[in-house]
Amino acid sequence: MTQPTSQGQFPVLRREHSKSQLQTLPPSEQALFLSFAHIMNEINALLRAAVWSNDLSSLIPAKGDGQVTLTLMFLKLLAGKLNEAYEVIQSAYFGSGVSKSYDALLHADGREALATIKQYFSRTKNNVHKIRNNFAFHYSPDELSQVLPSISEELVSYMQRAGPQNNLFYFAEVVAAEALFQSMGMPNNNASLDKLVDEIISLAAAFAKFFGDVMGAFLENLGQEAWQDQSQAVEFD
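Structural notes, computed from the coordinates. Keep in mind the model is a prediction, meaning the values are calculated, not measured. (Residues numbered from 1 in each chain as written. Predicted model: local features only at pLDDT ≥ 70, side-chain atom pairs only at ≥ 80, totals over all residues. Heavy atoms only, no water.)

### Considerations on the layout of surface pockets
Summary: where empty space remains is shown by rolling a probe the size of a single water molecule over the atoms. Heads up, the condition is: A cavity, in this analysis, means grid points on a 1 Å lattice covering only the protein atoms where a 1.4 Å probe fits yet has no way out; a pocket is instead an open set bounded by protein on both sides within 12 Å along at least five of seven lines, and a residue lines either one if it has an atom within 4 Å of a point. Grid points are joined across faces, edges and corners, and a volume is the space filled by probe spheres set on the points. In this text, helices come from DSSP runs of H or I with a minimum length of four residues, and strands from runs of E with a minimum of two, each type numbered from the N-terminal end. Each residue is assigned to one class: nonpolar for Ala, Val, Leu, Ile, Met, Phe, Trp, Tyr, Cys and Pro, charged for Asp, Glu, Lys and Arg, and polar for all the others, Gly among them.
Estimates place the volume of the largest pocket at around 820 Å³. Contributing elements (two or more residues each) for the lining of the largest pocket: β1 (13–14), α2 (27–53) and α9 (190–222). The class makeup of the residues in the lining of the largest pocket is 13 nonpolar, five polar and three charged. Of the voids in this model, the second largest pocket is the one considered here, and its volume is about 520 Å³. Put simply, the parts of the chain that give the lining of the second largest pocket at least two residues each are α3 (61–94), α6 (127–136), α7 (141–147) and α8 (170–183).

### Some details on the side chain of glutamine 67
We count it as follows: Only protein chains enter the area calculation, which uses a 1.4 Å probe; residues under 20% of their type maximum are buried, those over 50% are exposed, and those in between are partly exposed. Two residues form a contact once any of their heavy atoms are found within 4.5 Å.
In this structure, glutamine 67 sits in helix α3. By relative accessible area, glutamine 67 is classed as buried at 13%. Not counting residues within four places of it along the chain, the set of residues in contact with glutamine 67 comprises Ser53, Asp55, Leu56 and Ser58.

### Some words on α8
Quick note on the threshold: To estimate how far a helix should reach, multiply one less than its number of residues by 1.5 Å.
Helix length check: α8 (14 residues) gives 20 Å between terminal C-alpha atoms against 20 Å at 1.5 Å per residue, within 8%. Buried within α8 are the following residues: Tyr170, Val174, Val175, Ala176, Ala177, Glu178, Ala179, Leu180 and Phe181. Count one or two residues on from α8 and you reach glycine 185, which has phi positive near 70 degrees.

Structure, rendered in structure tokens:
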């Protein structure tokens, strides 16, 4: 995953799109264009956050514990968003009939990405669905207390006098991780975490590729009138 830049082969370009031209599309296509753009922004942000946090090379235990905490949080949020994104594909892309016009406009990698997404969610008890329902957007106090006896280590916290906003009750993340991996039938260890990271990040990449391809088809359909100005390279410090 590359760092944004204004230099090199793939600079970041700023473009403005015509709102009036977008409004010439049927309402179902307008809704899909806006929702796909919004979902893609959130997936890309959480995908970067998950990759950034998953650097477990530090020899400092406190830093490693903090990174595990962030990695699991970002993964759970990303999984929840992916599940919701699939629901939007089902309702607003296929259910609205927009897919009949845009499927033929997808490139080979966009079609492959959509096939990957559909195959993953054809399994109703997939891990993303489990995480969304039980860990991403909902808290289950009873489930946490039930797995506590299976935790072999002592309960670790990191606390600072400056205020509670700097505290990390790491033991709670250990318990929550145990509940998460038990629900998926996996041991709570680094190998399972790596496997879950690979699974969710690979799926997120498929969503980003599919959404990006559909967005490109939308803009191509709108024609040159959709572009308000010439592109400008963005300068990053």
